[in-house]
Amino acid sequence: MMRVTVGSSNYAALTGLQSNASRLAALQAQLSSGDQITKPSDDPAGTVRALQLRADVKQNTQYASSASDAIAWMSTSDAAYSQVVTLAQQARTLAVQGLNSGASTGTSASAIADQIDAIKTSMVSLANTTYNGRPVFGGTTAGDAAYQLNADGSVSYIGDGVDPGTGAADPAFGGVVNRTVGSQNTVQINQVGTQVFGDEGSATNMFAVLNDISANLRSGNYTALSGDLGKMDTAIEQVSGAQATEGAAYQRVQIAQSVQASNKLSLQTELSGIQDIDLADMAVKVSTAQVSYQASLQTTASIQQMSLLNFLN
Amino acid sequence: MSTFSGIQQAATSLAASQYGLQVVSQNIANASTPGYTRQSVDLASVDPVGGVPRRYTVGGGPGGVTVTGTSRLNDAVIDARARTEHSRSALADTTAAQLSQIEDIFPEPSDTGLAEQLSTFWSDWAKVANDPTSAAPRTVLLQDGATVASTLNSMSQSLSDVGAAAAQSLGNDLDEANTAASSLAALNTQIRLAHNTGVSDNSLLDQRDVLLDKLSQLVGGVATINADGTATVKVGTDASGAGGVTYVDGTTDTAQTLSDDPTSGYAISALDPSTGTTTAITLSGGSAAGSFTTLTSTLPGVQNQLDAVATALATAVNGAQANGYDVAGNAGTDMFSVPTSTGPGSIAAGIQVVMTDPNLVAASGLQQLDGSGNPIPNKDGSNALGASQLGTASGSADNVYASLIGAVAASSKLAQQGQATQDAVTSSVDALRQSASGVNLDEEVTNMLTLQHAYQASSRVLSTMNDLLDTLINHTGVG
């Protein structure tokens, strides 16, 4: 039989009390912080996973912010596209009017030409639509405009992303505005001016066509004017084509947004599963620990009082 | 057989009971003295009948009882085992405590830890990419970069502080062990003297065991108890992995001096004061061994990993800067500077943001030159967008940091589990030791009652004897 001594029973009582108290303290630390992991060694694997998940959540938040920025940019440019098409169709209608009233006086033809010129000016201002101070059709230019209206009435592209040799858009010259809206999901949200209004120097460049119509109206060259109608159709198609391309990008961003929303939910659910305590479970554990601590306190107090001396006179 | 031998017998019994009560009193008095070993009286009966007149033999008389000694009721095997387990326990406690201090430097996962700061920093790059020439996101990026750098600086500093504290406690442990060792050497002399002269040396032996316990907790080692009660202590292993040094010599009553050398990797050596020779040793147990391992392996490991985080961050960001162009269109320059390593932790301690002008952040990945070859600014953000993805690349600062956290957490958890297991073992050995050599008050009270009754009975014998002699002397033949 093992002898029980003053030292050993004190020691055993103390050890028991301390282990109960420290269990209670650890549970209370978790309960009061609401964290299942109060320090990395509570759950090494969980900590590393939580770090990864937190980085993912942060990344996802950044994707969401980039996506809203992309949507805002593309909404701005989309409104511009629609107005450009409306204006271009007005110009075409005016040109047809000019053709039909070919026999009428030159005065009315020049009035129509004036209207065409006004449309061109509005079109230039539409082409210089800005989002957050940046011309949406100017590529990555540091300037604040994509097109400039020259003194001779011609309009030239002053943004970047265009090969000066061919006058056509070329990413080698920059001009690409990208937003990363998801993992491995980078969307180009802009169209360089020449992709919308036609290559510089091309006969179907929107501004060149408008200038042509205006000039032909004034000069009464109706043969050339009827040819301009075809050019205008090509120019309008180009604008619609660019709008459609950007529409597709818009859709990609929207899909990315819904992916982000569901990712956010699943990431946070998983993170919460690792990091956060189950309140009900924790409350039960804490009260169990409290009960056992109280019990050990009580038994220690009552046992420590016992001695043979109590029963001798 | 003498007429009065009965009286003599009763007298020895009274004396023995009295001495027994003294021992009981000593046991009760020391019930909670640390290191006290309970004692018991060794009694032997003296044969009352026989041809030899016992009154002439040493310590004897005409029958009765004689006290042959006072036993110290310890169990040498359990004592030795307790020392071993306490040495392991001290090692486990120190290791766990120091790892926990290291762990506290990395409060993860949290909203303010380095991992979160790094994520924010990468996110800042994406914000710069979305609005490449605006000053606000660039300024925020630089500030968050500086926050990351200063967090790395202070983490490195805190690790050095843990190291300084561990070095301090290693030094203190060795000093304390040296004091205990020289006390033990002096005690050995007294124990031998007491043993040779036959004086009771139980309290000296208790002191010896207390010192041995202390030494095993501080520096580990193995104690051997010699036949005369003196102790010899050997600590550590030498360079060949065997032997170690005789720290306290039980035959010459000398002690060696242990010291560590902070300038050469905290190497521990023992100096023999009599010969002046030093022996390099490796301690295998005790709190000193725990601090030594922290200083020489655990801490430098963590510091090197933190350096790797700083290096990965600086390399990745400066690499991205080098590929891009700033607001003015000039090639990017370094954002972080890291010093050349001068030891574990030095890179993390010295990393800083050297870029002061937010316009120097190389957000653009596009170089445009005018006709005369001068750079033209642009609003391209592709380089910044690329940089915003650097945190997820393999070998990124984030990944290195996550593996650092994983490693620190795992070793701290392991140390805590080791500590808990060792605690259980040590407790059970302590209980065994207490059970063998501790004082049980009930038992002492029972002994006291027994001795009290024995004393009363002997008194009764004496008074009966007195009556008999009274009858014989005063009432016989007076007539």
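Reading guide: rules and limits
Residues numbered from 1 in each chain as written. Chains lettered and ligands numbered in written order. Predicted model: local features only at pLDDT ≥ 70, side-chain atom pairs only at ≥ 80, totals over all residues. Heavy atoms only, no water. Axes fitted to C-alpha atoms, helices over the stretch in contact; angles between N-to-C directions. Helix = DSSP H or I, 4+ residues; strand = E, 2+ residues; numbered from the N terminus. Parallel < 35°, antiparallel > 145°, perpendicular 65-115°, else oblique. Left-handed = near helix turned anticlockwise from the far one by under 90°. Contact = heavy atoms within 4.5 Å. Nonpolar A, V, L, I, M, F, W, Y, C, P; charged D, E, K, R; others polar. Core = buried A, V, L, I, M, F, W, Y, C linked by side-chain atoms within 4.5 Å. Buried < 20%, exposed > 50% of the residue type's maximum accessible area, 1.4 Å probe, protein only. Buried area = accessible area lost by both parts, 1.4 Å probe. Salt bridge = Lys/Arg side-chain N within 4 Å of Asp/Glu carboxyl O. Polar contact = N/O pair within 3.5 Å; in protein donor to acceptor, adjacent residues only side chain to side chain.

Enquirer: Let's hear about the packing of helix α2 (residues 76-104) of chain B against helix α4 (residues 135-197) of chain B: which residues, and what values?
Expert: Residue and element names in this part refer to chain B. Put simply, α2 and α4 touch, their axes get as near as 9 Å, and they point 160° apart. Judged by the inter-axis angle, α2 sits roughly antiparallel to α4. By crossing handedness, the relation of α2 to α4 is classed as right-handed. Across the interface between the two elements, Q98, Q101 and I102 of α2 pack against L159, V162, A166 and S169 of α4. For the contact of α2 with α4, the class distribution of residues is four nonpolar, three polar and no charged.

Enquirer: So what about the nonpolar core? Which residues, and what values?
Expert: Among the nonpolar cores identified, the biggest contains 53 residues, and M123, F197, M206 and M232 of chain A are the most heavily contacted of them. Counting residues per element, this core draws most heavily on helix α2 (residues 44-100) of chain A, at 14 residues. Formed by 49 residues, the second largest nonpolar core is a distinct cluster that contains L51 of chain A together with L141, L152 and V361 of chain B.

Enquirer: Report on the interface of chain B and chain A, specifying residues and quantitative values.
Expert: Many authors give the size of an interface as the accessible area that is lost as the parts come together. Each partner contributes to the interface: chain B provides 53 residues, whereas chain A provides 47 residues. Together chain B and chain A conceal approximately 4,000 Å² of surface at their shared face, both sides included; 55% is due to carbon and sulfur atoms. There are four salt bridges connecting chain B and chain A. Linking chain B with chain A are 20 residue pairs in polar contact (both at pLDDT 80 or more). When contributions to the side of chain B that touches chain A are tallied by element, the ones reaching two or more residues are α3 (114-130), α9 (397-437) and α10 (441-474) of chain B. Looking at the side of chain B that touches chain A, the element that brings in the most residues is α9 of chain B, giving 16 residues. Each residue belonging to the side of chain B that touches chain A can be placed in one class, and the counts come to 21 nonpolar, 19 polar and 13 charged.

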